[in-house]
Amino acid sequence: MHTGNRHYLRRAALAGAAFFPVLLFAGLAAAQVEGQPAPGGVGLPNMATPVGQETQLLYNSVLLPVISLIALFVLGLLVYVAWKFNERANPVPSKLTHHTGLEIAWTLVPVLILVFIAIPSFRLLAHQVEIPESTVTIKVTGNQWYWSYKYAEDQGGGFGFDQMMIPDADLKPGQLRLLAVDNEAVVPVNEVVRVQLTSNDVIHAFGIPSFGVRMDAIPGRLNQTWFKIEKEGVYYGQCYFICGKDHAFMPIVIRAVSRPDYEKWLVEAKQKFAASDSPVRVAASVDR
Amino acid sequence: MASSTTAGDGAHDHPRGLSRFLFSTNHKDIGTLYIIVGAIGGIIAFLLSVAIRAELAEPGIQVFPVLARLLHGADPEMALDAGKNLYNVFITVHGVLMIFFMAMPILIGGFGNWFVPLMIGAPDMAFPRLNNISLWLLVASLVLAVISIFVEGAPGMKGFGGGWTFYPPLSSNTGNPGPAMDFVILAIHLAGASSILGAINFITTIFNMRAPGMTLHRMPLFVWALLVTAFLLIMVLPVLAGCVTMLLTDRNFGTAFYDPAGGGDPLLFQHLLWFFGHPEVYIIILPAFGLISQIVSTFSKKPVFGYLGMVYAMVSIGVLGSIVWAHHMYTVGMSLNAQRYFMFATMVIAVPTGIKIFSWIATMWGGSISFRAPMLWAIGFIFVFTMGGVTGVVLANAGADRQFHEGYYVVAHFHYTLSLGAVFALFAGFYYWFPKMTGYMYSETLAKLNFWLLFVGVNVVFFPQHFLGLAGMPRRYIDYPDAYALWNRVSSAGMIFVSLAMLVWIYAIIEAFLRKRVAGDNPWGAGATTLEWTLSSPPPFHQFSTLPRISGSDHM
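As a starting point, this report considers the structure included with it. (Residues numbered from 1 in each chain as written. Chains lettered and ligands numbered in written order. Predicted model: local features only at pLDDT ≥ 70, side-chain atom pairs only at ≥ 80, totals over all residues. Heavy atoms only, no water.)

**Quick word on the interface of chain A and chain B**
Residue-level contacts link 100 residues of chain A with 107 residues of chain B. Broken down residue by residue, the surface that chain A buries against chain B is led by A:Trp106, A:Arg214 and A:Ile242, which jointly contribute 9%. Connecting chain A to chain B are five salt bridges. Two residues, A:Glu87 and B:Lys301, come together in a salt bridge whose shortest N-O distance is 2.9 Å. For the interface between chain A and chain B, the tally reads 34 residue pairs in polar contact (both at pLDDT 80 or more). Looking at the side of chain A that touches chain B, the elements that each hand over two or more residues are helix 1 (5-28), helix 2 (50-84), helix 3 (100-129), strand 7 (213-217) and strand 9 (233-239) of chain A. For the side of chain A that touches chain B, the leading source of residues is helix 3 of chain A, giving 16 residues. Residues that form the side of chain A that touches chain B fall into these classes: 64 nonpolar, 24 polar and 12 charged. (Contact = heavy atoms within 4.5 Å. Buried area = accessible area lost by both parts, 1.4 Å probe. Salt bridge = Lys/Arg side-chain N within 4 Å of Asp/Glu carboxyl O. Polar contact = N/O pair within 3.5 Å; in protein donor to acceptor, adjacent residues only side chain to side chain. Helix = DSSP H or I, 4+ residues; strand = E, 2+ residues; numbered from the N terminus. Nonpolar A, V, L, I, M, F, W, Y, C, P; charged D, E, K, R; others polar.)

**Considering the sheet that holds strand 6 (residues 204-208) of chain A**
Residue and element names in this part refer to chain A. With mixed pairing, five strands are arranged side by side in an open sheet as 4-10-9-6-7. Of all the strands in the sheet, the pair left with one neighbour each is strand 4 (185-188) and strand 7. Taken pair by pair, the neighbouring strands of this sheet meet at an average axis angle of 25°, ignoring direction. Here strand 4 pairs with strand 10 (residues 252-257) via four bridges, running parallel. Bridging across to strand 10, Pro188 finds its partner in Val257. Running over the sheet, helix 4 (residues 259-274) touches strand 4 and strand 10 and is turned about 140° from strand 4. (Pairing = 2+ DSSP bridges. Axes fitted to C-alpha atoms, helices over the stretch in contact; angles between N-to-C directions.)

**Brief notes about the pattern of salt bridges**
All names here are of chain A. A full pass over the atoms with the stated rule returns 19 salt bridges over all chains. The closest approach of N and O atoms between Arg259 and Glu263, which form a salt bridge, is 2.9 Å. Taken together, the residues span about one helical turn, with Arg259 and Glu263 both in helix 4 at a distance of four residues. Residue classification places Glu263 among the partly exposed residues on the basis of a relative accessible area of 42%. A salt bridge links Lys264 to Asp261; the shortest N-O distance between them is 3.3 Å. (Buried < 20%, exposed > 50% of the residue type's maximum accessible area, 1.4 Å probe, protein only.)

**Description of the side chain of A:Ser210**
Residue and element names in this part refer to chain A. Mapped onto the elements, Ser210 comes out in the loop between strand 6 and strand 7. Given a relative accessible area of 2%, Ser210 falls into the buried group. Excluding its chain neighbours within four sequence positions, the residues that come into contact with Ser210 are Gly35, Gln36, Pro45, Asn46, Met47, Ala48, Thr49 and Tyr235.

**Regarding the packing of helix 14 (residues 408-438) of chain B against helix 16 (residues 485-515) of chain B**
Residues and elements named next belong to chain B. Remark: helix 14 packs on helix 16, axes separated minimally by 12 Å, with the N-to-C direction vectors making an angle of 10°. In terms of their interaxial angle, helix 14 and helix 16 are classed as roughly parallel. Counted together, Phe427, Phe430, Tyr431, Phe434 and Thr438 of helix 14 and Met502, Trp505, Ala508, Ile509, Ala512 and Phe513 of helix 16 form the full contact between these two elements. In terms of residue class, the contact of helix 14 with helix 16 is built from 10 nonpolar, one polar and no charged. (Parallel < 35°, antiparallel > 145°, perpendicular 65-115°, else oblique.)

**Here we look at a nonpolar patch on the surface**
Residue and element names in this part refer to chain B. Nonpolar side chains collect at one region of the surface, where Ile43, Leu47, Val50, Ile506, Tyr507, Ile510 and Leu514 lie side by side and expose about 640 Å² of accessible area between them. Among the secondary structure elements, those contributing two or more residues to the nonpolar patch are helix 2 (27-56) and helix 16. When residues in the nonpolar patch are grouped by element, the largest group, four residues, is from helix 16. Examined against the element boundaries, Ile43 turns out to sit in helix 2. (Patch = residues over 30% accessible without salt bridge, like charges linked within 9 Å, V, L, I, M, F, W, Y side chains within 5 Å. Areas by Shrake-Rupley, 256 points an atom, 1.4 Å probe, with all protein chains shown as cover.)

Listed below in structure tokens is the structure:
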């Protein structure tokens, strides 16, 4: 029953270890399209903002290597120990239960690793939270189950619109299922856009993977975040807090264009959305 | 509880039949009942997860509208909406059942009740009747939780579908005016009371009823784990009770604790919930840690390496784990300094946890390892929990969490620590102590098959979810953009292995009871040094009426 334990374990460990590179290869072969999830992707999306790029750098160059090494190290130790000290190979167990040097080492080394991670990590955090001088401010409100946008009047706006997902049945060729919307939110490239965020009813969350942006939309609270898009294009996001039956069906689409194109769009939007400009709404009250 | 002879030898001393279990004051019987409750909760929660992964296997919505019609008789036109709601209810109930009605009952109520008295040389728990009420409160709680599925939640929908963390306003009248959420709140009240009473029982027992010679520093690590866990329970469950009671009054008595229109704040709920919620995950994993220490030591035929370090590691995990709760709230709009503090404190927990992982490996080092099924599960635990732990270190970084919050990277993280970590420890403990509890030996072949099927299965289910999280897939989603299809398909395919593993497990139990191979007092040999192995299998109805005396300076 216990014959061939060492061979058995070794084969199993190798098979297991082979699993991960195969997966990784499959994923790395996936095509990366800007602003939308890559089919079969295994990594972070290409980032279109400086904060997003810093996040990507922290994860890919610091966090992922560190955690992979630790996991492989532990796996290696386990395989080695199983190999070297199974009862057939080592019938008499040692009595070693202490080793001060080892215990100090495995306390200090993790601390050093954490310090190594913390330095870039704290820097990224400050960049995310501290909002630079902005030229555009948009107020985004979460609703069940769509996002609405208001553009500030003193920045060429003075209108608002709702952004509804296009249902499967109405999709045109080229439109992404569950991500395409009727009214895209347009912003200028290379400018700091401040997003003020709240909710009309329950908690939602505004998240755009390619920007490194995620912030909760909470009724009765005005949250703020920001992004500076470095490349023109269309960028998709979704709702990241469970908000009811259509939580998966309230996508976000941001289109980044040049400043002149943005100003042109502002004029068109003002006319298009003038009729539907809704008054400021109070946060959700108790509904009986 | 002194010595032998006539005390309690009357007919009432060893009850039979239904009253033996209904009115039990015996820690072993109550432990068995807890394990049965946990198995039932776990099997239901597992079936829910089968439905969830079936739905997520392909883009689009295929399964839940049908389920909604079957379960609630939903109208064909309403079926899609009812299906979407039912999916949210399923993920909510899955979480609630797994945490409160599977992991905690089996680890704490089941193995804790069975083996803490045995391991410290006590005849029973300090408060045997309190033990009984803890059990039946939990059963009543489960009944209420199941009822909630069948009554109205969101308008026109059945059940509460706001996630096991049930934040208002979705869980208040704004999102869920129907009574389903009230049933959930009352279920939480009962389960909380059950655990608070149980914790009181464990603390009193461990402090007062250790056999002569068993100092605190000679206690088995499993007992230490239960001690720390019990203190955490006492500290945080009252906070949860307050939190849900305020939600109950908001919903039914016109208060506005969490309603901004009345001067309240939804974030108050989140702070209170996570003040409970984060220690809760340590409440689940600490008993598992204790179990792994016992099993690794037994099958390496060596005492645990660095006993005192292990004790202090568990205590510091408990203490630190109580002051990091807002790392679940990095995206609510918290100040920079608050995020910095919680990030720092959370990262520190990696140190004592790492100490434990290395100590287990050091225990095996130089040992004479026997790869029986419990040891396979324990070694598996060390690896998969490390994987879950390192993704936890990633998420501790608030800057990185911004990218992963409420996405599948988080789902992968907690399933690695729970579905792989805690569940592996559960199976390890199950096979380790099954011979002691029943007197029968399980089939080693079936047990090993159980392990390999589950090991492959849960890794295939959950490893690809890291990819989904990195690519941006949000959690608690019934449907997803087509780009996420590949890894969802792979993840769902893993459920085949997991389901087979569960069937093998059930068959292994049946087979052991049918074959009746006698296990003997100690099937594990010289490595099993704790007191339960000195008793018969199963132990007598009352044990240690003469207290054992612990000599020698070593811990167990």
